[in-house]
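Spelled out from the first residue to the last, the chains are:
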Amino acid sequence: MARAFPIPPFSLSRARTLARALGDGSRDTLTTLVEQGLTVTDALWLAKQGIAPYLRHLLRRYGLLSALSPEVAARFTLGYSLSAVHEAIQHEGTLAGLLQTLATAGIDVVILKGMAFAHTVYPAPHLRPKSDVDLWLPRHQIPLALERLIAAGFRLAEDTDLA
């Protein structure tokens, strides 16, 4: 089944500028984006996509946050703050508990995808949206890992494939 992608509330031209700004993170591209004008509707849409915290980080880094209207800047700042709190409460605590449980059992683990990128590629973990923790571990350690994690209160996602 094809996945539907949400349609942004702005023009294709601005969507391209946004994609360039997020991709290269350059001051020039971000300045162009700000000059094109960001609205509260844009900020809300970007927050819903999980992009707003990272964009706010880039805008602040180049001193461009103050070039936005106060209402738009406040939306970006609120999203950024909520993202940081959510990260601290949910993901970091979950990851620490998960790694401690596996280490105590002597299980080797590699963190993959979103959580790994959040801690290695992004300037701060809360700037990378994520909803789960993807792990790789040796096949022979999977039964023990499942036993220990379930005993510690973790659960498998409904669509987990253990094959």
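Throughout what follows, the structure given in this document is the object of discussion. This structure is a prediction, so every number in the text was calculated from the model and none was measured. Residue positions are counted from 1 within each chain, in the order its sequence is given. Totals for whole chains, interfaces and linings use all residues, but because this is a predicted model, local features are given only for residues with pLDDT of at least 70 and pairs of side-chain atoms are given and counted only at 80 or more. Side-chain numbers here rest on the full set of heavy atoms in the structure, without hydrogens or water.

1. Some remarks on the packing of aromatic side chains
Each aromatic ring pair is characterised by the separation of its centres together with the angle its planes make.
Right, on to step 1. Working definition: a ring pair exists when centres of Phe, Tyr or Trp rings (six-membered ring for Trp) sit within 6.5 Å. Plane angles under 30 degrees give stacked, over 60 give edge-to-face, the rest tilted. A full pass over the atoms with the stated rule returns 1 aromatic pair.
Right, on to step 2. Where Tyr54 meets Tyr122, the ring centres are 5.3 Å apart and the plane angle is 70°; that geometry is what we call edge-to-face. Here Tyr122 lies in the loop between helix H6 (113-120) and strand S2 (134-136) and Tyr54 lies in helix H4 (residues 52-61), a separation of 68 residues in the sequence.
Right, on to step 3. By relative accessible area, Tyr54 is classed as buried at 18%.
Right, on to step 4. You can call Tyr122 partly exposed: its relative accessible area is 26%.
Right, on to step 5. Sitting over a ring, as applied to charges here, requires NZ of Lys or CZ of Arg to be within 6 Å of the ring centre and within 35 degrees of the ring normal. Against the face of Tyr80 rests Arg56, its NZ or CZ located 4.2 Å from the ring centre. Working definition: helices are DSSP H or I runs of at least four residues, strands are E runs of at least two. Numbering for both runs from the N terminus. For every residue, the accessible area (1.4 Å probe, protein chains only) is compared with the maximum for its type, and the residue is labelled buried under 20%, exposed over 50%, or partly exposed between those bounds.

2. Side note on the pattern of salt bridges
Right, on to step 1. Take a side-chain nitrogen of Lys or Arg and a carboxyl oxygen of Asp or Glu: if they are within 4 Å of each other, that pair is a salt bridge. In this structure the tally under the stated criterion is 2 salt bridges.
Right, on to step 2. Salt-bridge contacts for Asp42 lead to Arg14; the nearest nitrogen and oxygen are separated by 2.5 Å. On the criterion of sequence distance, the pair formed by Asp42 in helix H3 (residues 40-48) and Arg14 in helix H1 (residues 12-24) is long-range, its members being 28 residues apart. The burial state of Asp42 is the same as that of Arg14; both residues are buried.

3. Concerning the nonpolar core
Right, on to step 1. Side-chain atoms within 4.5 Å are what join buried Ala, Val, Leu, Ile, Met, Phe, Trp, Tyr and Cys residues into a set we call a nonpolar core. Residues Leu30, Leu46, Leu55, Leu59, Leu68 and Phe76 are the most contacted members of the largest nonpolar core, which totals 25 residues.
Right, on to step 2. Of all the secondary structure elements, the ones that give two or more residues to this core are H1, helix H2 (27-36), H3, H4 and helix H5 (70-104).
Right, on to step 3. The dominant element in this core, judged by the number of residues it contributes, is H4, at 5 residues.
Right, on to step 4. In terms of nonpolar packing, the next biggest core, distinct from the first, is built from 7 residues, Leu98, Leu102, Ala105 and Leu149 among them.

4. Quick word on the environment of Ser26
Right, on to step 1. Within the element layout of this structure, Ser26 appears in the loop between H1 and H2.
Right, on to step 2. With a relative accessible area of 23%, Ser26 lands in the partly exposed category.
Right, on to step 3. Between the alpha carbons of Ser26 and Glu147 there is a distance of 47 Å; along the sequence they are 121 residues apart.

Everything listed here is a matter of coordinates, which is why it stays silent on function.
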